[in-house]
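Coordinate analysis (summary)
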Amino acid sequence: MPSLIGRREILDHARTQLSAGPGVLFHGSAGIGKSALLDALTEQDGELSAGGSVLRCAPVEEDAKLPFVALMDLFARVPDAYVDGLSEGPRAALRAALLRGREPVSPQSRLAVRDAAVDLLRALSAAGPVLIVVDDLQWLDMPSAEVLSVALRRLYDKAPVRFLAAERVMDGEEPLGLRCCPPGTTTVPVPPLADGEVADLLLQRTGRQLPEHALRAIQETAAGNPLYAIELGRAALRDGMPVEAGDTLPVPPRLRDLLLDRVRLLPASARQTLLVASAAARPTLPLLAAAGIPDPAGDLATAEALGVAVADAEQTIRFHHPLIRAAVYADAPEHGRRAAHKLLARAVPEPVEHARHLALAHPHADETTAATLTAAAGSARRRGAPATAAELAALAARRTPADRPAERAERLLAAAEYASDAGLRADADRSAETVLAEAASAPQRVRARLIMLGNAGQALGGTGRLISDGLVEAEGHPELEARLHHWAAVRHLIGGRPAQAAAHARRAAYPAPATGPAVGGVTADTRVAALALLARLHALHGEAAAAESALGEAMALLGPADEPGARELVRTRALLAADADRIDEAEREMAGLLDRPGEYASVEETAATLVALVRIQVRSGRCREALDNVARCAVLPVRAGSDSSPVLYAATLAETAGGRLDRALELADRTVRACTTDGDQLFLLRALGVRGRAQLLAGGRENTAAAVDTLRQVRRLGETMGICDPVLLRWYGDLAEATAILGDTDAAAEVLRAARRRAGARPPVSVVAALERAEGLRDIALGHHKRGTARIQSAVARLRGRSLPLDLARTLIVLGAAERRPRRAAAARGALTEALEISSAVGAAPMEARARAELARFGGSRPAATRAAGYV
């Protein structure tokens, strides 16, 4: 049996309740996975049935009218010897109920059947535990239900008989089958699957990775129902899937029959009303009336009586399930769907929706329609709906007449850009690849390549040909050349080649002649982005003055705040300020960025902003807010969200600071794998650094030794890339600290010497403090306890009064452990108490746990007063 994706927690809960109590009743809508849970508990879990009997039945709707059908199925495999062992009256009644004699019709004979069932179950349970399993409890015939109810009630707490059942209920309703369950039965609702779980389920059951557009449509339509998702996925693979905007999801006949049996009973007028409602993006009664439906309220009342759809208090029409809506639309003939869109095109006042209905009502090439769709797409993007804009632009391209290839290419490029903004990379790549294959214009082909580069995420290693071929075609177009050089710089940076990256960034930032805001035909926005990248590269090499100079040049060119280059510049300024311990400045920069209108930001821009924000919040000790922003990243579209190495790195960082170390280490491993897959050396360096810090914070000799191994990788990789920025130098401090803890004082000294050489003349305070703390631990390991303690105290003094609570708390913990001597116990306890207060106030759970553990060695407890309010 395939694994129960997304059901492990429910399964474990049900197993626990069934082991400790008399019964479990699963309930939920059709197809939600109740039967699969029953199968898992009875067929895979030997503990529930070991040495005993499993009596199972699965009645269907037709069985509900036939007496004792379920009882026949339950007792079908009970050996005759048990039935023959019953006393004469109950035995005869039971044989009759099981169609081994005359049907028991008198009240006395039915009472005898109940007594026989009790005696039979008692006899079976004497030989071993009995598990009664009823699937589709709602179809249990009444006589069988009465027998089970009496038997389970009488045997409750007297015999090892347990009850496991599943009941189909409408969404939001409670199960009715408890009447035949034993007292104390646990009811377990079976909820819909999450989108990610639906994706995993489809991959498992179909063996295919569905296209992004199709997967998204299935997730929305199935609404977490596993049966619906599997059927829709199989139909999409078999019958064709929505690969372009405007395509509809195929709903297989089996699902249509399951869902539309009641719809097909409705009069023609009501069916037409439901079809028009299914075609509308936001169906309401006034909209249907404006579309020419004679009596939409009456038709909806009829549909509501059958549980198909309802109009709420705001007159919005809601189908009972999204799949019913899809099935109504798919079941209609093509001419019927076109007619519905034609009605809606006349009635919808909103330009974007009007254009969409117009296109679907006239599925043929027409320049007027295409132009209307193009304008609507631009309007949707300006309003912050890039996915809708991409759909409309793709429709515009499909409606463009064949004798207008240039216009078609422009519309495809617009569709690609909008899809990329929405995080729909597969859609964006498909449109861009079409332009690359069809367009006669070299600039249009270069723009297609630029979109594909943007869609590659961190996996830019294989995009060399896109850039080199693009540079050939971009000759004579300085703006396009500069943008390609920018991407070449990003590619080299991610690939661990910062020197080559800097060369390309300069080509983008300083095209000839180097004067004016639009130098040599290159826009200010492109130059700002290139200068921001150049500033990052200077900072990575420890060239703080050069980084500030590049930022100053970019600021002089700064354009509208909503331009991508402007946002990248703000993020770069904020991150460099945070790395240099100018935390307040970094937070002001990010606050300004977040205060700007966010509706124009792409998914990539949103993810980049959130990642930068998490990095700064961790530095400033806003651990809870950092975790919240990681959660915001997780709901972004797939590639820009939970699978990207920058987002995974930010999640690792936040968990290390304010979550759970085991989770942080798991995320670090995922980040390392993602970076390795993408060839992302930059975030691999960062992922290894934070993993080493998490291992060191976990404590213990084994974890510390693992931290040394990890941080040595960081050092080798950083030296290979020529990086010596403050972040790396703090990781040098971690490495020196870990080696000193393990007693390898010579290695610690060598690391410290290397770090100071790379730190330059004026390193940030946090770097000095980290190295000083490690030096103090080395002195202590060498037996120079007084000198070592003094160094750690100096590190504490450096950090006081700065917005670096995690650095301070960590150093106080080290100081407290170092002061653990008979005459210094009070000082040690004071340092640890302060560390505990700080870490608790800022939500640094791992640090708090470490401080609490160290305090416990003194017999101390958390103080009632909190002196760390200033760190929040």
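Rules of the game
- Residues numbered from 1 in each chain as written.
- Predicted model: local features only at pLDDT ≥ 70, side-chain atom pairs only at ≥ 80, totals over all residues.
- Heavy atoms only, no water.
- Phe/Tyr/Trp six-rings, centres within 6.5 Å; stacked < 30°, edge-to-face > 60°.
- Helix = DSSP H or I, 4+ residues; strand = E, 2+ residues; numbered from the N terminus.
- Buried < 20%, exposed > 50% of the residue type's maximum accessible area, 1.4 Å probe, protein only.
- Pairing = 2+ DSSP bridges.
- Right-handed = clockwise from strand over helix to strand, strands pointing away.
- Polar contact = N/O pair within 3.5 Å; in protein donor to acceptor, adjacent residues only side chain to side chain.
- pLDDT = per-residue confidence, 0-100.
- Contact = heavy atoms within 4.5 Å.
- Axes fitted to C-alpha atoms, helices over the stretch in contact; angles between N-to-C directions.
- Salt bridge = Lys/Arg side-chain N within 4 Å of Asp/Glu carboxyl O.

**As for the packing of aromatic side chains**
A full pass over the atoms with the stated rule returns one aromatic pair. Judged by centre distance (5.7 Å) and plane angle (65°), the ring pair of tyrosine 649 and phenylalanine 683 falls under edge-to-face. Within this pair, whereas tyrosine 649 is found in helix α33 (residues 645–658), its partner phenylalanine 683 is found in helix α35 (residues 681–698), the two being separated by 34 residues in sequence. We note that tyrosine 649, like phenylalanine 683, is buried.

**Some thoughts on unusual backbone geometry**
Here the phi dihedral of aspartate 157 falls at roughly 70°; this positive angle occurs in a residue that is not glycine. One can find aspartate 157 in the loop between α8 (142–155) and β4 (161–168). With a phi angle near 70°, glutamine 315 is a residue other than glycine that sits in the positive phi range. Tracing the chain through its elements places glutamine 315 in the loop between β6 (309–311) and β7 (317–319). Classification of glutamine 315 as partly exposed rests on a relative accessible area of 39%.

**A short note on the pairing of β4**
Burial analysis of β4 places seven of its eight residues in the buried class, which makes it a mostly covered element. When strand β1 (residues 23–28) meets β4, the two strands line up parallel, connected through six bridges. Residue pairing in the sheet places valine 24 in a bridge with leucine 164 of β4. Between strand β3 (residues 130–134) and its parallel partner β4, the chain crosses via α8, and the hand of that crossover is right-handed.

**Describing the side chain of arginine 567**
Looking at where arginine 567 falls in the secondary structure, it is placed in helix α29 (residues 564–579). Residue classification places arginine 567 among the buried residues on the basis of a relative accessible area of 9%. A distance of 3.2 Å separates a polar atom in the side chain of arginine 567 from a polar atom in the side chain of glutamate 605.

**Structural notes on the confidence of the model for the protein**
Averaged over every residue, the pLDDT of the protein is 87; the share at 70 or more is 91%. In the predicted structure, residues 514–518 sits below a pLDDT of 50 and forms eight contacts with residues beyond four places in sequence or in another chain. Note on residues 638–642: pLDDT is under 50 here. Beyond four places in sequence and across chains, it has 16 contacts.

**Topic: the sheet that holds β1**
Pairing is parallel across the open sheet formed by five strands, whose spatial order is β2-β3-β4-β1-β5. Both outer strands of the open sheet, β2 (53–57) and β5 (186–189), are each paired with one neighbouring strand and no more. Between one strand and the next, the sheet's axes are offset by a mean angle of 15°, whatever the strand orientation. Inspection of the sheet shows β1 paired to β5 by four bridges, in the parallel sense. Bridge pairing in β5 places histidine 27 opposite proline 189. In the packing of helix α1 (residues 8–20) onto the sheet, the strands contacted are β1, β3, β4 and β5, and the crossing angle to β1 comes to about 150°. This element, α8, spans β3 and β4 of the sheet and lies at about 140° to β4.

**Some points on the pattern of salt bridges**
Applying the stated criterion across every chain, the model contains 57 salt bridges. Two residues, aspartate 39 and arginine 56, come together in a salt bridge whose shortest N-O distance is 2.9 Å. Note that aspartate 39 is positioned in helix α2 (residues 34–44) and arginine 56 in strand β2, a separation of 17 residues in sequence. A cluster of three or more residues bridged by salt bridges with shared partners is formed by Arg693, Asp734, Glu737, Arg773 and Arg810.

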